[in-house]
Amino acid sequence: MSDALEGFDLEDPVLPRSIKKKALESGGFPYDEKLDSDVYEAEMLQVQRQLALLQHDQQKTGKRIVIVFEGRDAAGKGGSIASYLENLNPRFNMSVALPKPSDRERTQWYFQRYVDWMPAAGEQVLFDRSWYNRAGVEPVMGFCTPEETTRFLGAVPDFEKMLVEDGIHLFKFWLTIGREMQLKRFHDRRHDPLKVWKLSPIDLEALKRFDDYTKARNRMLGASHTEHAPWRIVFNNDKKRGRLGIIRSVLQALSYEGKDDKLIGAVDGKIVVAPQAFMKSHSEM
């Protein structure tokens, strides 16, 4: 993976042509071009209308939904959440991106501060990173001990089983992007005044730890992909295809008044895949 960094300088306003050329196809992305914008807008309108129907149904039935978004830095988690919530009532549909824990929170049961954000009847909560910090960024960056990660991976299936058995509809998405696409997005952030705020010291450190994140991801998927709380892997080099895949996955999995499978559209099986299929050919990416 180190070859992609050769000749790359985040401070240079000119992105190396080799990275720009390889970005879309990196990480095993299955398409050689992005989804047409007109097609995307038309299809997104249809699924967002279905989300509005789901929201209305939730208010009547009390459905509770939790959606976890995980992935590398610059994988597109925040944009996917924004697209999902764009036309929903923020009073009942919330994005949660927790800061680093306080001194008091560090002494609590690890899951405790996430439990505080679980939805009440009729609510959806979308986590922009979640309790899976303990399996990803924390061990890679040295913010927790190996023993704490091992303990977390042993406990998380039971924690999620409690949520599901209590009636919460739980969705877990891992957004995967290729090495060159990550470099391109970091470069775009660094040189766009409207995006530079997105860069953090941890993002910059992630540039050097791509392989470490891969190993942590593989271990996490192996320990926490369960029948009651499965992971869905989303190829997100093309954010348009990824966002549609995420919304369709949620809509197709739930029953609600006014559901129209034809208007929702089929989930693209090349974009949203099960961990087993992903790991067969992408475990090193």
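Since the model is a prediction, treat every value here as computed from it, not as a measurement.

What counts, and at which threshold
- Residues numbered from 1 in each chain as written.
- Predicted model: local features only at pLDDT ≥ 70, side-chain atom pairs only at ≥ 80, totals over all residues.
- Heavy atoms only, no water.
- Helix = DSSP H or I, 4+ residues; strand = E, 2+ residues; numbered from the N terminus.
- Rg over C-alpha atoms; globule rule 2.2 N^0.38 Å.
- Buried < 20%, exposed > 50% of the residue type's maximum accessible area, 1.4 Å probe, protein only.
- Contact = heavy atoms within 4.5 Å.
- Areas by Shrake-Rupley, 256 points an atom, 1.4 Å probe, with all protein chains shown as cover.
- Phe/Tyr/Trp six-rings, centres within 6.5 Å; stacked < 30°, edge-to-face > 60°.
- Lys NZ or Arg CZ within 6 Å of the ring centre and 35° of its normal.

Participant: Teacher, can you tell me more about the overall build of the protein chain here?
Facilitator: Along the protein chain, the regular secondary structure elements total 12 helices and six strands. By the compact-globule yardstick of 19 Å for 285 residues, the protein chain fits well, its C-alpha radius of gyration being 19 Å. Seen through its C-alpha atoms, the protein chain measures out along the principal axes to roughly 55 × 50 × 40 Å. Per-residue burial over the protein chain gives 49% buried out of 285 residues. Intrachain contacts of the protein chain at a sequence separation of at least 6 include 79% that bridge at least 24 residues. Split by element, the accessible area of the protein chain, about 14100 Å² in all, is 51% carbon and sulfur.

Participant: I keep staring at unusual backbone geometry and nothing clicks. Help me out?
Facilitator: Glycine aside, negative phi is the norm for most residues, and most peptide bonds take the trans geometry. At Ala 74, a residue that is not glycine, the phi angle is positive and equals roughly 75°. With respect to the helices and strands, Ala 74 occurs in the loop between strand S1 (64-71) and helix H3 (77-85). For Arg 129, which is not a glycine, the phi torsion comes out positive at approximately 70°. Looking at the element boundaries, Arg 129 is found in the loop between strand S3 (124-128) and helix H5 (137-141).

Participant: Would you mind going over the packing of aromatic side chains with me for this structure?
Facilitator: Here the distance between the centres and the angle between the planes together describe a pair of aromatic rings. Under the defined criterion, the tally for this structure stands at 17 aromatic pairs. Chaining the aromatic ring pairs together yields one cluster made of Trp 109, Tyr 110, Phe 111, Tyr 114, Phe 127, Trp 131, Tyr 132, Phe 152, Phe 159 and Trp 231. Positioned above the aromatic ring of Phe 210, the side-chain terminus of Arg 72 is 3.6 Å from the ring centre. Above the ring of Tyr 31, the side-chain terminus of Arg 241 is found at 3.8 Å from the ring centroid.

Participant: Looking at this model, I keep getting lost on the side chain of Gln 182. Mind explaining?
Facilitator: Along the chain, the position of Gln 182 falls in helix H7 (residues 179-191). On the basis of relative accessible area, Gln 182 is assigned to the buried category, the value being 2%. For Gln 182, the residues in contact, after removing those within four places along its chain, are Arg 72, Asp 73, Ala 74, Ile 177 and Phe 210.

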